[in-house]
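# Remarks on the overall topology
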Amino acid sequence: MKWLGRRGSSNVDDRRGISGGGIAAGGGVIGVIMYLLYTFLGGGEVDPSQIPQLSPESNQTVLTPEEQKKDDERAEFIKVVLADTEDVWNKLFAENGKQYQEPTLVLFRDGVSSACGNASAASGPFYCPGDNKLYIDLVFYQDLQNKLNAPGDFAMAYVVAHEVGHHIQNLNGTAAKISRLQQQAGETEANRYSVMMELQADFLAGVWANHAQKMKSFLDEGDIDEALNAANAIGDDMLQKKSTGQVVPDAFTHGTSAQRMYWFRKGFQTGDIKQGDTFNAPDL
Ligand SMILES: [Zn+2]
């Protein structure tokens, strides 16, 4: 994907390097405040052992300068992808007489707290409807390449566009509607709704790629294959096989690899937001 020298979004809240994103830092922060208070109040008599210890930031990833450079480059890339989603969705919303509300993307490392609760890097990228924010740990970028065998910058762009797809579902009321239906449904049925939501987010990522390409001609040879490969790699059946060695369809909440690829491709080929009705698709 051609991205160097292009606009990066300013809607990025970079929390990389902030310890635990507020999860593990509690004791440490209180420790610092108490220490400052003691010092400020001239507490010369304070026994240093009484001052709460700063929590050892043992679970915080420390990057080498080279890793930091790579990480910063990935952050810049994500900003450009987010800007590309803003340009496309601003245009498509305006064409429908609506105004797009741009989401904030939070970059974090190790852990983060959101309106949807605390998350670790192991949660993978996610969108929180409660605060309208996308949360991305750049470790996932490496995981795509090293653990999921889905390399390439456009694989990561697809992941960001998928999360933005969830934001669209939040803005247009689909998320609230489906969540109501899920509350009345049994577990299997509720899972099915989740799958449809996920596949629609894949479709919306495809729609985005279609329009972004028309507006910017940013795709390199093989980019769409990178996205399809990533959709294949992170299908629930693949992830389940990797983790348990077997496939349990009832527990699917994202869709199979074939379904994910189908809907991304359909979005990319049509660019037509009206064709993304995963809820009434016959093969689901
Ligand atoms: Zn999703």
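Not measured: the values here are computed from a predicted model.

Analysis parameters
- Residues numbered from 1 in each chain as written.
- Predicted model: local features only at pLDDT ≥ 70, side-chain atom pairs only at ≥ 80, totals over all residues.
- Heavy atoms only, no water.
- Core = buried A, V, L, I, M, F, W, Y, C linked by side-chain atoms within 4.5 Å.
- Buried < 20%, exposed > 50% of the residue type's maximum accessible area, 1.4 Å probe, protein only.
- Helix = DSSP H or I, 4+ residues; strand = E, 2+ residues; numbered from the N terminus.
- Disulfide = S-S within 2.5 Å.
- Phe/Tyr/Trp six-rings, centres within 6.5 Å; stacked < 30°, edge-to-face > 60°.
- Lys NZ or Arg CZ within 6 Å of the ring centre and 35° of its normal.
- pLDDT = per-residue confidence, 0-100.
- Contact = heavy atoms within 4.5 Å.

The next thing to look at is the nonpolar core. Core analysis: the largest hydrophobic core is formed by 57 residues, its most contacted members being Trp-89, Leu-144, Phe-154, Met-156 and Trp-208. Contributions of two or more residues to this core are made by α2 (65–95), β2 (104–108), β6 (133–137), α3 (139–146), α4 (153–171), α6 (187–216), α7 (223–233) and α9 (257–270). Membership of the second largest hydrophobic core comes to seven residues, among which are Phe-108, Val-112, Ala-119 and Phe-126.

In this section: the state of the cysteines. Here the structure, examined in full by the defined rule, presents one disulfide. Disulfide pairing places Cys-116 opposite Cys-128 at an S-S distance of 2.0 Å. Note on the Cys-116 and Cys-128 pair: the S-S dihedral is about 90°, so by sign convention the disulfide is right-handed. Here Cys-116 is found in the loop between β3 (111–114) and β4 (117–120), whereas its partner Cys-128 is found in strand β5 (residues 126–128), with 12 residues between them in sequence.

Inspection of the entire model under this criterion finds 11 aromatic pairs. On the numbers, 5.8 Å between centres and 75° between planes, the contact of Phe-154 with Phe-218 is edge-to-face. Placement of Phe-154 in helix α4 and of Phe-218 in the loop between α6 and α7 is noted, with a sequence separation of 64 residues between them. In this structure, Phe-154 and Phe-218 share a single accessibility class: buried. Measuring from centroid to centroid gives 5.2 Å for Tyr-262 and Trp-263, while their planes differ by 85°, and the two rings are edge-to-face. The structure contains a cluster of three or more aromatic residues connected by ring pairs, namely Trp-3, Phe-77 and Tyr-141. Its end group placed over the ring of Tyr-141, Arg-74 keeps NZ or CZ at 4.7 Å from the ring centre.

Here we come to the confidence of the model for the chain. Confidence in the prediction of the chain, expressed as mean pLDDT, is 84, and 83% of residues score 70 or more. Ranking the elements of the chain by mean pLDDT puts helix α1 (residues 26–40) last with 46 and strand β1 (residues 12–14) first with 97. Low pLDDT, under 50, characterises residues 20–58; the stretch is placed with 26 contacts to residues that sit more than four places away or in other chains.

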